[in-house]
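# Commentary on secondary and tertiary structure
Listed below, chain by chain, are the residues.
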Amino acid sequence: MDTSLSTASNIATDAFPINGTDYIEFYVGNAKQSAIYYQAAFGYRLVAYKGPETGSRDLVSYVLQQGKIRLVLTAALSPDHEVAKHVAKHGDGVKTLALWVDNAVESYNIALQRGAESAFEPITVEDDNGVIKMAGIKTYGTTVHTIVERSAYSGAFMPGYEARESVYPVDEVGLKYVDHCVGNVELGDMNKWVKFYQDVLGFKLLITFDDKDISTKYTALMSKVVSNGNGYIKFPINEPAKGLKKSQIEEYLDFYHGAGVQHIAVATDNIIETVTKLRNKGVDFLYVPEVYYETVLDRVGEIEEDLEELKKLNILIDRDEEGYLLQIFTKPVQDRPTVFYEIIQRKGAQSFGKGNFKALFEAIEREQALRGTL
Ligand code: FE2
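The present account deals with the structure reproduced in this document. (Residues numbered from 1 in each chain as written. Predicted model: local features only at pLDDT ≥ 70, side-chain atom pairs only at ≥ 80, totals over all residues. Heavy atoms only, no water.)

## A short note on the environment of G188
We count it as follows: By definition, any uninterrupted DSSP run of H or I lasting at least four residues is a helix, any uninterrupted run of E lasting at least two residues is a strand, and each is numbered from the N terminus.
By the element assignment, G188 lies in the loop between β10 (177–184) and α5 (190–199). Taking the C-alpha atoms as reference, G188 lies 21 Å from V339; in sequence the two are 151 residues apart.

## Remarks on the coordination of the iron ion
Around a metal, the idealised angle for a tetrahedral arrangement of four donor atoms is 109.5 degrees; for an octahedral arrangement of six donor atoms it is 90 or 180 degrees. Note the cut-off: Keep in mind that water is not among the atoms, so a site may look incomplete; donors are the N, O and S atoms within 2.8 Å of the metal, or 3.2 Å for Na, K and Ca. Partly exposed describes any residue whose relative accessible area lies between the buried limit of under 20% and the exposed limit of over 50%, with all areas from a 1.4 Å probe on protein chains only and scaled to the type maximum.
For the iron ion, the protein coordination sphere consists of H180 (NE2), H263 (NE2) and E342 (OE), at 2.0 to 2.2 Å. Binding-site remark: the iron ion is held by donors from one chain whose sequence spacing is H-x82-H-x78-E. Taken as a pair, H180 in strand β10 and E342 in strand β17 (residues 340–347) lie far apart in primary sequence, 162 residues in all. The exposure classification of H180 matches that of E342, with both residues buried.

## Points about the sheet that holds strand β5 (residues 93–100)
Let me state the cut-off plainly: Note: two strands are recorded as paired if DSSP finds a minimum of 2 bridges between them. The contact criterion used throughout is that any non-hydrogen atoms of two residues lie within 4.5 Å. Lines fitted to C-alpha atoms define the axes here, with helix axes fitted over just the stretch in contact, and angles between the N-to-C directions of these axes take values from 0 to 180 degrees.
With respect to topology, nine strands assemble into an open sheet ordered β6-β7-β8-β5-β1-β4-β3-β2-β9, the strand pairing being mixed. Two strands bound the open sheet, and with one partner strand each, they are β6 (118–127) and β9 (162–163). Here strand β1 (residues 20–27) pairs with strand β4 (residues 69–76) via four bridges, running parallel. Each bridged residue has a counterpart across the sheet, and for I24 the counterpart in β4 is L71. Packed onto the sheet, helix α4 (residues 104–113) meets β6, β7 (130–138) and β8 (144–149) and runs at close to 10° relative to β7.

## Thoughts on the environment of V72
One can find V72 in strand β4. Sequence separation between V72 and Y62 is 10 residues, and the spatial gap between their C-alpha atoms is 5.7 Å. Here V72 is in contact with Y23, I24, E25, F26, S61, Y62, V63, F157 and Y161, once residues within four sequence places are set aside.

## A word on the sheet that holds strand β14 (residues 260–267)
One open sheet holds the eight strands; their spatial order is β11-β12-β13-β10-β14-β17-β16-β15, and the pairing between them is mixed. If you trace the sheet from one side to the other, it starts and ends with β11 (204–209) and β15 (316–320), each paired once. Adjacent strand axes in the sheet meet at a mean angle of 25°, parallel and antiparallel pairs treated alike. As defined by bridge partners, β10 adjoins strand β13 (residues 234–241) across two bridges and the pair is classed as parallel. In the strand pairing of β13, N184 is matched with N238. In the packing of α5 onto the sheet, the strands contacted are β11, β12 (220–227) and β13, and the crossing angle to β12 comes to about 5°.

In structure tokens:
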């Protein structure tokens, strides 16, 4: 593992300030049912809606929130809509990673000057609650970064949406904010996208993992993590590496039909409570063999949690120079083996669980073998 900072991108950091993740939008086949899944299984609250009743003739969107995490679930009402075509090709998946900025037009213009490709030009939308300015730039695959300026807006989400409350009795599970969002890209494309984040958005390269760091007997991948100036946005980018069998990244690319978001890591400050609740609600997690827990404390040293409890819940542990972290991974959350979630609790550690990669990828391989795609 090497850690390096790019001088050029540090200078650029101030020119592209990002306050945080504004929202994550999924294109799905049935937004109404997906919205129930996120409320029932993950404890998100419904906060806003748009659809035919609000004047949206071709799209339906449900906006869900927990802590600072905001998800938008969007489906098309006709087969020839761009959203319907996206879902037909990619399955349910992440279309937009929206970035919250102070000045959308300026940010968009800077990104374009530095080589970004436009997804859509700046627009201003307004209603009685105020004004939102937005623009879009393209990233890997068909994924888009929408740049959102919402300083003057006090409504539920944005103009065009009406406030809605859950009818479902939501029991929140303690999810706080988006820790990082990981992209899978095609073989040979990782460096191109790392350079995009460095050159266009002024991100810095945090960590590099090569295939020696992330390999099992059968499969391998490479990963680089980029982060914005204030560190609130972290995007690891994975590409497959050659192994004896099919890499999990290749499996993703096959089923998603291209590059896209692989997993979204969401933070909690009590992972035992969060995962207990999620399991009780029916969320499926990757299985970790008991043998992992026999030696884990030799590797990570003392922890505050009861190891038996972590073992019962299949929570993984890792340590770096700054502290330790607890993490667990769900199985894919749609029919295709594409997008999944990570639940993470950081206790000082700022890394990504390198010490768990082998156990994690072996767990994924067991799932791939069951699917016949290893
Ligand atoms: Fe992760």
